[in-house]
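# A closer look at the structure
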Amino acid sequence: MSPMSHVILVFRKTGQYNVQRCKAAGAAPGSSSGKTPYQRCSSQDSLDEQAMVDYFKEVEIIQRSGDAETQEEVQLKVADEGEQEEAWLMEAGLATLFDESASDGEDSIALLSTLTRTQAAAVERRVETLKQTLRKRNKPYSVPDVREIFKPASQSKVRAHIRPRISNGAGPGTPGGGADAETDINLEVSFSEQALTYKEGLKVTQPQNEADDRLPDFRVSQDKTGQTRVGDLSAEDMKKVRRLVLIEMSALFDTCGIEVKAHKALKVRVRESGLFGVSLSTLLEQDQRRIPGTKVPLILQHLMSHIEEQGLDTEGVLRIPGAATRVKAVCHELEHKFYEGVFPWQSLKQHDAASLLKLFIRELPYPLLTVEYFSAFTSVLKLPTKKQQLQALNLLVLLLPEPNRDTLKALLEFFQRVTDHKDRNKMTLNNVAVVMAPNIFMCKGFRSKISEQQEFAMATGTANIVRLLVRYQNLLWTIPKFVLNQVRKHNMENQRKMHRDRAVKKLLKKMAYDRERASDKQEKNTEVRGAEGGFIRVQAPQFSKVSMAVQLTEDLKASDVLTHFLSQERSPSVKREDLCLYEMGGNIKERCLDEETYITALLELNPSAEWVIKSVQH
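Predicted model, so just to flag it, every value in this text is computed and none were measured. Throughout this description, residue numbers start from 1 for each chain and increase along the sequence as written. The predicted origin of the model limits local features to residues at a pLDDT of at least 70 and limits the giving and counting of side-chain atom pairs to 80 or more, whereas totals for whole chains, interfaces and linings rest on all residues. With hydrogens and water excluded, all non-hydrogen atoms of the structure serve as input to the side-chain values.

### A look at the pairing of strand β11 (residues 579-585)
With a 1.4 Å probe rolled over the protein chains alone, any residue whose accessible area is under 20% of its type maximum counts as buried; one over 50% counts as exposed, and the rest are partly exposed. Secondary structure follows DSSP: runs of H or I at least 4 residues long count as helices, runs of E at least 2 residues long count as strands, and numbering of each begins at the N terminus. Of all seven residues making up β11, five are buried, and the element is well covered by its neighbours. At least two DSSP bridges between two strands are needed for those strands to be called paired. With six bridges connecting them, β11 and strand β13 (residues 610-615) associate as antiparallel partners. Across the sheet, Leu-581 pairs through a bridge with Ile-613, a residue of β13. Note: β11 against strand β12 (residues 588-592), four bridges, orientation antiparallel.

Next comes the structure, spelled out in structure tokens:
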């Protein structure tokens, strides 16, 4: 038994821990570190002794490598009273609620019209806090009365709409809850509304930490209008998604009574070129000049590929560190030779490559999970159920900037491939999470500012967050349907406003007449399609078969449309995996459709949509 594990076992028996003793490999159990021992956190029971040993070994490795980390640390600052609310409202696209000169007033009104009761309550709370802060400072302000922003009638409509659809967190088709309700992820109803219903049902439980093979098999309920993933929407609609997700994430934490303090990073000097200690945006600018379209830093891609090429069956891969002096030398060599294409990859040892991968993550000048949402990520486990924790992670992933989100996705996919070989490499999901958590969460600027007790509390918490990220990564990049429906409503409100502003009375009358006719057509959509021969027109301007008619049936899916297109497309270079059927226009800018999307169901949601086949970049 190693001295480190011996120390941890001794102190678990007494109910006390001491970080300094855990980190000093040769320290005697009775030696004093000069600091008062403290009571163990109850959450520590979820990490066994060996996991604690692995976690703090990794922390020790990080601290030893700190001698080489000469770059300036990120200075974290908690936003001042009122400052956080003002920044939040600006990020949510609601600056007009405290600044009448803001240019997005009409867009804010359209956004507000889409909110649920819990989302509206989250906005009200921040507007009221900001108003009180400005009043304390005796500053003039133009924050409107929240009663003027949200009319009670509109909220009662939301309540009437929500109530029949959820019951104690149950998903569609499970009105009484039960086993299916516990594992089905309902994407049609706001997560915060589900949390409120759960709370009102007085179902109070404490989060449990299951073993790897006992984590619930959550699944998304089947939706005939198709699932939407990150990357499926236009940049314009993704901007709306991000605003709505910010409001929803805050509403979820508010509903559960969890306060999340947002940090902000003070500007620091960072390297403007190189590989390690360089921001993701700078790295990607460098890489895109060499390979256009690069979304994940090339150095990270090469390190992951090299580790895999050496074989993921190696016992202790990611856990066993490389030789510190050799890793430092290789790091220096990579900085000079990587972009020149002359680095000798064949001589790089697998454990050294794994150490370099972890060094790359923790040397980022700003944390991978961002300074802004770092506290929210670490607060996820305070939510009362695994389902709510997963929903919060889903929202937080959608909030990440694109470079961070793409890089995180590549890492999680790599970690999953490592755990797929657990029978040989002895790296279970829990083992990978324990080893990687300090590298992801003990970021610069944060590492030196936590106490020993906080460090122990983080051992379990951060490892479990990484565990959830890896285990449920396929769900976390999904855009919930309720958010997409809000985007559709937002777009329709903006279109109505645009029509009102640009038309003269005569034109408005004509448009009203046209809208009535269009409404009649929508109500009789099936009959109209039948009158047109029961076909939809699909455009494919990038290909030789630029247009085709497809018969509309109840069972017609996006996959069927692509199959029909390929049977008529003459170009042999066109491959199925490179094609996507897009929903375009109407209440959405554009959306790449899931192949399981039923066209008839989608037409009911967006009667004015057009259909276009385009090639997609992978």
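### Remarks on the pattern of salt bridges
Just to be clear on terms, a salt bridge is a Lys or Arg side-chain nitrogen sitting within 4 Å of an Asp or Glu carboxyl oxygen. The full count for this structure, using the stated rule, is 25 salt bridges. The closest approach of N and O atoms between Glu-91 and Arg-242, which form a salt bridge, is 3.0 Å. Here Arg-242 lies in helix α11 (residues 235-255) and Glu-91 lies in helix α4 (residues 83-91), a separation of 151 residues in the sequence. A residue is classified by how much of its surface remains accessible, and Glu-91, at 31% relative accessible area, is partly exposed. What makes Arg-242 partly exposed here is its relative accessible area of 26%.

### Some words on the environment of Lys-497
Inspection of the secondary structure puts Lys-497 in helix α23 (residues 481-502). A relative accessible area of 18% means that Lys-497 is categorised as buried. Between the C-alpha atom of Lys-497 and that of Asp-107, which follows or precedes it by 390 residues, the distance is 9.3 Å.

### Side note on the packing of helix α10 (residues 191-200) against α11
Only the stretch in contact is used when fitting a helix axis, every axis being a line fitted to C-alpha atoms; angles between N-to-C directions are given from 0 to 180 degrees. Where α10 contacts α11, the two axes come as close as 8 Å, and the packing angle between them is 10 degrees. Classified by the angle their axes make, α10 and α11 are roughly parallel. Seen from α10, the contacting residues are Phe-191, Ser-192, Ala-195, Leu-196 and Lys-199; seen from α11, they are Glu-248, Ala-251, Leu-252 and Thr-255. Basically, the charged four are Asp, Glu, Lys and Arg, the nonpolar ten are Ala, Val, Leu, Ile, Met, Phe, Trp, Tyr, Cys and Pro, and anything else, Gly included, counts as polar. Per-class residue counts for the contact of α10 with α11 are five nonpolar, two polar and two charged. Relative orientations are named as follows: roughly parallel for angles under 35 degrees, roughly antiparallel for angles over 145 degrees, roughly perpendicular for angles from 65 to 115 degrees, and oblique for any other angle. Throughout, a residue-residue contact means that at least one pair of heavy atoms, one from each residue, lies within 4.5 Å.

### Observations concerning helix α26 (residues 558-568)
Among all positions of α26, only Ala-558, Ser-559, Val-561, Leu-562 and Phe-565 are buried. Relative to the axis of α26, the buried residues are bounded by an arc of 160 degrees and lie together on one face. Buried-residue contacts for α26 involve β9 (535-539), β10 (547-551), β11, α27 (599-605) and β13. Directions from the helix axis toward the C-beta atoms define the arc.

### Quick look at a negative patch on the surface
Patches here: salt-bridge-free residues with over 30% relative accessible area, like charges joined within 9 Å, nonpolar side chains (Val, Leu, Ile, Met, Phe, Trp, Tyr) joined within 5 Å. Only the protein chains shown count as cover for residues, and the accessible areas themselves come from Shrake-Rupley with a 1.4 Å probe. Asp and Glu count as negative and Lys and Arg as positive, but His and the ends of the chain are not part of the count. Where a charge sits is defined by one atom per residue type, namely NZ (Lys), CZ (Arg), CG (Asp) or CD (Glu). On the surface, a cluster of negative charge is contributed by Glu-554, Asp-555, Asp-560 and Glu-604. Assignment of secondary structure puts Glu-604 in helix α27. Its relative accessible area of 62% is what places Glu-604 among the exposed residues.

### Comments concerning the confidence of the model for the protein
One number per residue, pLDDT, summarises how confident the predictor is, and it ranges from 0 to 100. Mean pLDDT over the protein works out to 79, with 72% of the residues at or above the 70 mark. Considering only residues more than four positions removed or in separate chains, one finds that residues 152-179, a stretch of pLDDT under 50, has 40 contacts. Within the model, pLDDT remains below 50 along residues 522-531, and this stretch shows 10 contacts once partners closer than five positions in the same chain are excluded.

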